[in-house]
Structures are given as C-alpha cells and as structure tokens.
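# Secondary and tertiary structure notes
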Amino acid sequence: MIKKIFCIIIVFLLIPANVFATDGGAENEKKYIKWVDFDVSSSALADSADIDIKTYGGDEHVGWIELLAYLGAKYGGDFSRYKKSDIDAAVIAVRDGTANEMKYYSYYLQAYGAVLSGMLGEYCVSDGDTLVKKYGIKAFFPFAKGYYYSEFDDFGTQRTYGYRRPHLGHDMMGSVGTPIVAVESGYVEALGWNQYGGWRVGIRSFDGKRYYYYAHLRASHPYGAGIVEGATVQAGQVIGYLGMTGYSTKEGVSNITTPHLHIGMQLIFDKSQKDGVNQIWIDMYQIVKFLSSRRSAVEKRDGDYYATSPIIDMDIPD
Ligand SMILES: [Zn+2]
C-alpha cells in the first residue's frame, strides 16, 4: 500500500493584496485584480523555474514567481523584452528586497502567482510501495507522451459561432482519441455537453484561483476513467480524449471539422469574475510551450488510458 504519510503537505500562501482595484462603496470595498495579460515567454518560464528548483532547500531559495514578478514590473508585462541576463538582476533584487520597491511588483506577484502557483512545487512519485518526495515542475503538457500535435498562438482571434467574440483559449490540433491529461491537479467542477465546447471538462485548481477548460472531446467515450463531477484529478492523469464536438445547442450534434483540443485558463480573484462580463481568460500558448517536454506517459488498460507514473500533488487539501 502506498502511504501518503511519507510526504509532508506544504501549502503555498500568496502574499496579501495591496490596492489594485476597488469595487463598491467605501464601507464595503473589495480589492482584487481585475485584469491580467499573461505574456510571460516560455524561455523566461524555463529560466526562472530552473533557478527556483536549483536554489530550493537552501537559505537562498528564490521562487520563480518572484523572479517573474520582478521581470514583469521591469518590462511592464511585455516579455518580448526578455533577456536571460536580466534574470541575474532579478535574483539579486528578489534576495535583497529591492524588487518589493518596484511600483507594480506586488501586482505581478499576485497576477503571475494566480497563473503559476500550482505548476511548480512539491509532489510525490511512487517507487514500489513508498512515495518519493520531489520538488520541481509538476504540471504537464495537455497531450499524453508520444502523440502528435500542432499549434500556433490563436488566443484573441475572432470566432463567429454563436456571436462574434475573441477566442479565449488555445487550440491544439491532433488526432481523434489522443489521450488528454490534466495540466494541473484539481477538482472536476464541470462535465458534460456545452454548446461551444461540446463534451468538455472543467477542472478547478486546489487553491480555487484557476479554472481549466478542456473542450471538443471525443464524441464517443469523451472522458477518462473516474472523471466525474467532484472527482480529484492529479496532474498528468488522463481526463479525456481529443475529438471534434461542439458548436451546437443539441447535445451530441457537432459542427466542428478539425479535431483539436481547446484549452483555456480562467483566473478568479473574486467570485464575481466566475461568470458574466468580468471573466479573465489568459493565453496559454507560452505555458503549453514551456511544458512541451513535460509529457505524461500513458498505457491502455480495459479501454481507457492511464498515466504510467502518476504523481501526487502535495498541495491537495486534506
Ligand atoms: Zn478554441
């Protein structure tokens, strides 16, 4: 039997907000972030993650989110300006506290923290009967290992089905039946047919800040084993199979001609952002690129695919 006791649960707490936005009267002010443009490049993600992992466990540990918040404040969020040499300055500024003095540092710390805080940290892998604790990138690329994909950055491009609207996600082309794995661990919050997404699954991160939306799953047998509303899902676990469903109000009728996965990430700083006009969706293109070497190997058993080496996320609440 695997004993979870071998691992210690670490809960990452985000630093409390400064004033970023106010809503309501002076008596009843709610302060939370209203908008995030996530433009961090895959190379900045990889370089900052490397430093975080290499310095972990020592007195001089520097978190990747702090490094990226420094760079975000320096660039005004525009990572086309990213140079690797800037990260050395970021390490110094985070360590000596001068990063804190930058005008928008605390904003980027919260904004990037909301996007990334579930992707790097402690997790366990099984080694026979025991669990081995690790520290590193614990998120996965959405397609299981070995399956072909093609993509480009199509976030914000125009869509016309239903009504004219920007495309609030990332499309990844592939073959019908490709096992789709959870990028991050969480709970299944939504499942079933959706007019736009067809057979879709929505997974809420353990900290509640992120909602992952995986859409257009396969017409027959859309979901992975055990994927039901409320189920706990581990990063890398098979949650469904790529398909081409959706664009129809009638369940099971689809008007999509290209098999692909639509993956989206919605940020929630306040419950008023969950539905309606205040939603914040971010571009996952650079995140997916960053995760392209983190592929979950899968194997087939009884008509379903399963992760060969499942991980256990240590941020799972008891
Ligand atoms: Zn899409």
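Residues numbered from 1 in each chain as written. Predicted model: local features only at pLDDT ≥ 70, side-chain atom pairs only at ≥ 80, totals over all residues. Heavy atoms only, no water.

### Thoughts on the overall build of the protein
Summing up its helical and strand segments, the protein has five helices and 19 strands in all. A compact globule built from 318 residues should have a C-alpha radius of gyration of about 20 Å, and the protein, at 20 Å, falls within 12% of that. Taken across its 318 residues, the protein has 52% of its residues classed as buried. In the protein, of all internal contacts separated by at least 6 residues, the share reaching a separation of at least 24 is 65%. For the protein, the exposed area adds up to about 14900 Å²; of that, 51% sits on carbon and sulfur atoms. For the protein, the distance from the average position of its 32 positive side-chain charges to the average position of its 37 negative side-chain charges is 4 Å. (Helix = DSSP H or I, 4+ residues; strand = E, 2+ residues; numbered from the N terminus. Rg over C-alpha atoms; globule rule 2.2 N^0.38 Å. Buried < 20%, exposed > 50% of the residue type's maximum accessible area, 1.4 Å probe, protein only. Contact = heavy atoms within 4.5 Å. Areas by Shrake-Rupley, 256 points an atom, 1.4 Å probe, with all protein chains shown as cover. Lys, Arg positive; Asp, Glu negative; His and termini not counted. Charge placed at Lys NZ, Arg CZ, Asp CG, Glu CD.)

### Description of the packing of aromatic side chains
All told, the structure shown has 16 aromatic pairs when counted by the stated rule. Ring centres 5.3 Å apart and planes at 85° place the aromatic pair Tyr 75 and Phe 79 in the edge-to-face group. For Tyr 75, a relative accessible area of 4% translates into the label buried. Feature note: the residues Phe 38, Tyr 75, Phe 79, Tyr 82, Tyr 107, Tyr 108 and Tyr 112 constitute an aromatic cluster, connected by ring pairs. A cation over an aromatic ring shows up here: Arg 294 above the ring of Phe 140, its NZ or CZ 4.2 Å from the ring centre. The ring of Tyr 306 has Arg 301 sitting right over it, with the charged end atom 4.2 Å from the ring centre. (Phe/Tyr/Trp six-rings, centres within 6.5 Å; stacked < 30°, edge-to-face > 60°. Lys NZ or Arg CZ within 6 Å of the ring centre and 35° of its normal.)

### What about the packing of helix 2 (residues 64–75) against helix 4 (residues 105–116)?
Angle between the axes and distance between the axes are the two parameters that describe a pair of packed helices. Their axes nearest at 8 Å, the elements helix 2 and helix 4 cross at an angle of 130°. Taken together, the axes of helix 2 and helix 4 lie oblique to each other. Judged by the sense of rotation from one axis to the other, the crossing of helix 2 with helix 4 is right-handed. Counted together, Trp 64, Ile 65, Glu 66, Leu 68, Ala 69, Tyr 70, Gly 72 and Ala 73 of helix 2 and Tyr 105, Tyr 108, Leu 109, Tyr 112, Gly 113 and Leu 116 of helix 4 form the full contact between these two elements. (Axes fitted to C-alpha atoms, helices over the stretch in contact; angles between N-to-C directions. Parallel < 35°, antiparallel > 145°, perpendicular 65-115°, else oblique. Left-handed = near helix turned anticlockwise from the far one by under 90°.)

### With respect to the pattern of salt bridges
Side chains bearing opposite charge may pair, as long as their charged atoms lie close to each other. Scanning the entire structure with this criterion turns up 13 salt bridges. For Lys 84, the salt bridge is made with Asp 47, and the minimal N-O distance between the two is 3.8 Å. Here the residue Lys 84 occupies a position in the loop between helix 2 and helix 3 (85–96), and Asp 47 occupies one in helix 1 (residues 42–55), the gap between them amounting to 37 residues. With its nearest N and O atoms 3.8 Å apart, the salt bridge here joins Arg 95 to Glu 60. One end of the pair, Arg 95, is in helix 3; the other, Glu 60, is in the loop between helix 1 and helix 2, and 35 residues separate them in sequence. The class for Arg 95 is partly exposed, based on a relative accessible area of 41%. (Salt bridge = Lys/Arg side-chain N within 4 Å of Asp/Glu carboxyl O.)

### Concerning the sheet that holds strand 3 (residues 120–127)
The antiparallel open sheet is built from three strands, whose spatial order is 4-3-19. Among the strands making up the open sheet, the edge pair consists of strand 4 (130–137) and strand 19 (311–313). Direction aside, the axes of adjacent strands within the sheet are offset by 35° on average. (Pairing = 2+ DSSP bridges.)

### Topic: helix 2
Given a rise of 1.5 Å per residue, twelve residues ought to cover 16 Å, and the 16 Å separating the end C-alpha atoms of helix 2 matches this to within 8%. Every buried residue belonging to helix 2 is among Trp 64, Ile 65, Leu 67, Leu 68, Ala 69, Tyr 70, Leu 71, Gly 72, Ala 73 and Tyr 75, and all of these are buried. Contacts from the buried residues of helix 2 go to helix 1, helix 3, helix 4, strand 3 and helix 5 (285–290). (Expected span 1.5 Å × (residues − 1).)

### Section: the coordination of the zinc ion
Between any two of four tetrahedral donors, the ideal angle at the metal is 109.5 degrees; between two of six octahedral donors, it is 90 or 180 degrees. Surrounding the zinc ion are the protein donor atoms His 167 (NE2), Asp 171 (OD) and His 262 (ND1), at 2.0 Å. Each donor residue of the zinc ion lies on the same chain, and together they follow the pattern H-x3-D-x90-H. With His 167 in the loop between strand 7 (165–166) and strand 8 (170–173) and His 262 in strand 15 (residues 260–267), this pair connects stretches of sequence that are 95 residues apart. By the burial criterion, His 167 is buried, and His 262 matches it. (Donors = N, O, S within 2.8 Å, 3.2 Å for Na, K, Ca; no water.)

### What about the confidence of the model for the protein?
Mean pLDDT over the protein works out to 90, with 91% of the residues at or above the 70 mark. A low-confidence stretch, residues 1–19 stays under pLDDT 50, and its non-local contacts, those more than four residues away or across chains, total 38 contacts. Taken together, the stretch residues 22–27 has pLDDT below 50 and engages in nine contacts with residues farther than four places along the chain or on a different chain. (pLDDT = per-residue confidence, 0-100.)

### Notes on the pairing of strand 8
Note: strand 5 (residues 150–151) against strand 8, two bridges, orientation antiparallel. Bridging across to strand 8, Glu 151 finds its partner in Met 172. When strand 8 meets strand 15, the two strands line up antiparallel, connected through four bridges. Considered in strand 15, the bridge of His 170 is made with Ile 263.

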